[in-house]
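Geometric and topological summary
Here are the chains, one letter per residue:
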Amino acid sequence: PSGTGLAVFLELAVEVVGPIEAETGFVRNVVDIDAAVRQRVVPIFAAAVREHWRRGRPIGFSILAGLLGRAWRLLDDCWATVRVAQLRLQLNPYRSLAIDREVAEMVYFSEKFEFAAMHKLWNDTLSEQRNIEVFGKCANPSGHGHNYTVEVTVKAPNAGKGLDVGRFERIVAERVIAVLDHKNLNVDVAHFACVIPSIEHLSVFAWDRLKGRFGKVELHCVTVWETERTCCSYYG
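Residues numbered from 1 in each chain as written. Predicted model: local features only at pLDDT ≥ 70, side-chain atom pairs only at ≥ 80, totals over all residues. Heavy atoms only, no water.

1. Topic: the overall build of the protein
When helices and strands are counted, the protein shows six helices and eight strands. Listing each helix as α and each strand as β along the protein from the N terminus yields β-α-α-β-β-β-α-β-α-β-α-α-β-β. Its C-alpha atoms give the protein principal-axis dimensions of about 60 × 50 × 35 Å. The buried share among the 236 residues of the protein stands at 37%. When contacts within the protein are restricted to residue pairs at least 6 apart in sequence, those whose partners lie at least 24 apart make up 63%. As displayed, the protein has an accessible area near 13,800 Å², and 52% of this comes from carbon and sulfur atoms. Of note, the protein has its 28 positive side-chain charges centred 8 Å away from the centre of its 28 negative side-chain charges. (Helix = DSSP H or I, 4+ residues; strand = E, 2+ residues; numbered from the N terminus. Buried < 20%, exposed > 50% of the residue type's maximum accessible area, 1.4 Å probe, protein only. Contact = heavy atoms within 4.5 Å. Areas by Shrake-Rupley, 256 points an atom, 1.4 Å probe, with all protein chains shown as cover. Lys, Arg positive; Asp, Glu negative; His and termini not counted. Charge placed at Lys NZ, Arg CZ, Asp CG, Glu CD.)

Here is the structure:
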C-alpha cells in the first residue's frame, strides 16, 4: 500500500494438494502455507509494484502473470509431500489471473460483467400444470427479472502475452452484454424465441457469441450467475 495517494491491493489464493498427515489431520498446516507465501511471494509483488510506481509506469497483466508464474516456482518446492494445485491472483472484485497445475504453461484471465434482464421459463410442449411443477415461480406469465453476472475466462500462454484487456472488454460488451442487457429475453432476443432462457442456455449462448473472437487468446469458460447462489459454467 501507499502512504499517500492510491494503493494497490492484491489477493492471492493458494490451493495445495497432497496426502493427509496422520499426526495432524492436515494436508498442510495453513500457518506454514501463510508463512511461505509471506516470506517468498509477497516481497516480489511488493518490489515490482514499487519499482513500476517509481518509474511512473503501470504494472500490466503480462508482468503480473509473470510474477504469478514466479510465485508458483517459489512455492511448489516448499514442502516434500505437498504441491501447489492452483494460484489465483485477485486484481479487483471483477478481475483475476490464475495458473492451474493441469495446464501450468497457461495463464487464465477472468473478468465479470453485469446485465439486467427479464425472462419467463416455460415450455410450450408441456401443460400449464407441468410448467408450474417444473419451473415454479419462474413460470410466472408476466415474467420476472434478474441482475445477472457473466464471468468470461480466457487462457493465454507465455505469461499472458497477446491479451489485450481493452479489446477483450469491448468484444464481451458488444457481443453479449449489449444483446442481453435490459431485454425481455423471451421476446427481444431472437435466439430465445424457441430456447428456454435458463442460465444453462444463457451460458451456451454467450460462449457461442464469443468463441473465436479473441485472436490468439482462447476462450476457456463462460459462467452466468442468476443469483449469488445459482450459476452455470460452460466450457464448450
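2. Overview of the pattern of salt bridges
One pass over the full model with this rule turns up nine salt bridges. With a closest N to O distance of 3.4 Å, Asp32 and Arg28 form a salt bridge. Look at Arg28 and you get partly exposed, because its relative accessible area is 25%. Here Glu169 makes a salt bridge to Arg95, at a shortest N to O gap of 2.6 Å. Of this pair, Glu169 sits in helix H4 (residues 165-180) while Arg95 sits in strand S3 (residues 95-100), and the two are 74 residues apart along the sequence. The partly exposed category is assigned to Glu169, whose relative accessible area is 26%. Three or more residues are tied together by salt bridges with common partners; here these are Glu51, Arg54 and Arg55. (Salt bridge = Lys/Arg side-chain N within 4 Å of Asp/Glu carboxyl O.)

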